[in-house]
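Per-entry structural report
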Amino acid sequence: VVPVFMQDMVTNFLTNLKQPVVALNSLLQGDPQAMGDSLGRFVFNSIAGAVGFFDPASDAGVPKHEEDFGQTLAVWGVGEGAYLVLPILGPTTVRDGAGRVVDHVVDAVNYGIRHGMDEENLVLVWAGAEALDFRQRNLDELDRFEETSVDFYATIRSIYRQQRRQLINNEDVDLEDPAFT
């Protein structure tokens, strides 16, 4: 129902607000270059991109990184633990689930919500926006996997683990790659 350009604006906005957490995790993983890229993206997109609704940093060639505390724990040698599918939140592992909690606690937006704003409503709106954004970005791939896989659960588990390994190793993730099908 929502036009694609507006969906992209929501994705850009949510991604921009996560950049300080990405920068922190890049630093904790020993990658100051990625930390600088993430902080640069945050400042540039916040100013020139209308608080992040647009992504001029990509047009300017500033690399985008995807780092979270689950990846940081993996870099530090923590094993992934059991694979879980959490209601609403989707697939994760024990390590990545713990990482999500840490990322949530250190996220400035969540901190602002917890300290001074109408916490209950904003937390729900924020979580809902992230869940809808994730669904919108991945719906076609999930439908394709559901239609073509013999065991959808096993397929999603395999894809999740492969994708996380690639992110931990800072490799490009391409769900169109035959290795994921």
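The structure presented is a predicted model; accordingly, all values stated were derived computationally and were not measured.

The rules we used
- Residues numbered from 1 in each chain as written.
- Predicted model: local features only at pLDDT ≥ 70, side-chain atom pairs only at ≥ 80, totals over all residues.
- Heavy atoms only, no water.
- 1 Å grid on protein atoms, 1.4 Å probe; cavity = no way out; pocket = protein on both sides within 12 Å on 5 of 7 lines; lining within 4 Å.
- Points joined across faces, edges and corners; volume = space filled by probe spheres on them.
- Helix = DSSP H or I, 4+ residues; strand = E, 2+ residues; numbered from the N terminus.
- Nonpolar A, V, L, I, M, F, W, Y, C, P; charged D, E, K, R; others polar.
- Salt bridge = Lys/Arg side-chain N within 4 Å of Asp/Glu carboxyl O.
- Buried < 20%, exposed > 50% of the residue type's maximum accessible area, 1.4 Å probe, protein only.

Regarding empty space enclosed by the protein
The gaps left among the atoms become clear once a water-sized probe is rolled over them. Tallied over the entire structure, the rule returns one cavity of 30 Å³ or more. When its volume is computed, the largest cavity comes out at roughly 50 Å³. Around the largest cavity, the lining residues are Asn 12, Thr 15, Asn 16, Gln 19, Arg 41, Asn 45, Gly 52, Phe 54, Asp 55 and Lys 64. Only α1 (4–28) and α2 (32–48) provide two or more residues apiece to the lining of the largest cavity. Residue contributions to the lining of the largest cavity peak at four residues, all from α1. By residue class, the composition of the lining of the largest cavity is one nonpolar, six polar and three charged.

Points about the pattern of salt bridges
For the coordinates displayed, the defined rule picks out five salt bridges. Note that Asp 55 and Arg 41 form a salt bridge whose closest N and O atoms lie 2.8 Å from each other. Residue Asp 55 is found in the loop between α2 and α3 (56–59), and its partner Arg 41 is found in helix α2; the two are separated by 14 residues along the sequence. Judged by relative accessible area, Asp 55 falls into the buried class, the value being 16%. A salt bridge links Arg 161 to Glu 80, with the nearest nitrogen and oxygen atoms 2.9 Å apart. Within this pair, whereas Arg 161 is found in helix α8 (residues 152–168), its partner Glu 80 is found in the loop between α4 (69–75) and β1 (83–86), the two being separated by 81 residues in sequence. Classification of Arg 161 as partly exposed rests on a relative accessible area of 24%. When its relative accessible area of 22% is taken as the criterion, Glu 80 is described as partly exposed. Linked through salt bridges whose partners overlap, the residues forming this network are Asp 68, Arg 95, Asp 96 and Arg 164.

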